Amino acid sequence: GLRWEQVDLKKGVIRLAGEDTKTNQAREVPLDERFVADLVAFPRVLRCPYVFAHQGRSIASVKTAFNSACARAGIENFRFHDLRHCAVTNLRKAGVATSTIMSISGHKTDAMLRRYDRVDTEDRKAALERVRQFYDTGSAEDQKTA
């Protein structure tokens, strides 16, 4: 149901009114430069207010297209909502501040944000590497003072 009037291509944001969000609070969603370029190139149907439309009507659900795309890609047991988990996890891995992630995702509590953040093998290995670097650096400092 995203409407062109909600998209500000110049500023690279989508502005949602309170009635358009689950929490009934207005939100501004930032857009990646590449996505903005894609939206600029999007074909627009004359007098159709919707960004994602078919035959001049809003697409009611992306489920069918999403499931077909997953099947063609050989991806099994993946839901559209899983992308929210991916986004939150990737933002955290990129070093984005928790408050900023919550602002983008619309989560109001740390507990809900943690529900969407997935710690994986890559995270655990990175943690061990940081500990190794800590001890290597600490050992070097200890040797200088000895």
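Computed from a predicted model, the values in this text were never measured in an experiment.

Moving on, we come to the state of the cysteines. Evaluated as defined, the whole model comprises 0 disulfides. Here Cys-70 is not cross-linked by a disulfide; its sulfur's nearest cysteine counterpart is in Cys-86, at 11 Å.

On to unusual backbone geometry, then. Although it is not a glycine, Asn-24 sits at a positive phi angle of roughly 60°. If you trace the backbone, Asn-24 turns up in the loop between strand E2 (13-16) and strand E3 (27-30). Using a relative accessible area of 59% as the deciding quantity, one classes Asn-24 as exposed. In the Ramachandran plot, Asn-77 falls in the positive-phi region, its phi being about 55° despite a non-glycine side chain.

What follows is about a nonpolar patch on the surface. On the surface, a nonpolar cluster with roughly 500 Å² of combined accessible area is contributed by Phe-35, Phe-52, Ile-59, Val-62, Phe-80 and Leu-83. Along the polypeptide, Phe-35 turns up in helix H1 (residues 33-41). For Phe-35, a relative accessible area of 31% corresponds to the partly exposed category.

For Leu-39, the location among the structural elements is in helix H1. Once the C-alpha coordinates of Leu-39 and Trp-4 are considered, the two residues, 35 residues apart in sequence, prove to be 9.9 Å apart.

What holds strands together in a sheet is hydrogen bonding between their backbones, with the strands either parallel or antiparallel. Strands sit in the order E1-E2-E3 across an open sheet of 3 strands; the sheet is antiparallel. Of all the strands in the sheet, the pair left with one neighbour each is strand E1 (7-8) and E3. Here 2 bridges tie E1 to E2, and the two strands are oriented antiparallel to one another. Considered in E2, the bridge of Asp-8 is made with Val-13.

Inspection of every chain in the model, using the stated rule, returns 12 salt bridges. Note that Arg-15 is salt-bridged to Asp-8, the shortest N-O span being 3.1 Å. The buried category is assigned to Asp-8, whose relative accessible area is 19%. Between Arg-79 and Asp-82 there is a salt bridge, with the nearest N and O atoms lying 2.9 Å from each other. Connected via shared salt-bridge partners are Arg-3, Glu-5 and Asp-20.

Cut-offs applied
Residues take numbers from 1 onward in each chain, read along the sequence in its written order. Two thresholds apply to this predicted model, a pLDDT of at least 70 for residue-level local features and 80 or more for giving and counting side-chain atom pairs, whereas whole-chain, interface and lining totals are computed over all residues. Just so you know, side-chain values use all the structure's heavy atoms and leave hydrogens and water out. Disulfide assignment relies on a single distance test, namely cysteine sulfur atoms paired within 2.5 Å. Counting from the N terminus, the helices are DSSP H or I runs at least four residues long and the strands are E runs at least two residues long. The classification of residues rests on relative accessible area computed with a 1.4 Å probe and restricted to protein chains. Under 20% of the type maximum is buried, over 50% is exposed, and intermediate values are partly exposed. Patches here: salt-bridge-free residues with over 30% relative accessible area, like charges joined within 9 Å, nonpolar side chains (Val, Leu, Ile, Met, Phe, Trp, Tyr) joined within 5 Å. Residue burial considers only the protein chains on display, and all accessible areas are found by Shrake-Rupley using a 1.4 Å probe. The term salt bridge refers to a pairing of a side-chain nitrogen on Lys or Arg with a carboxyl oxygen on Asp or Glu at a separation within 4 Å. One requirement defines pairing of two strands: DSSP has to find at least two bridges between them.

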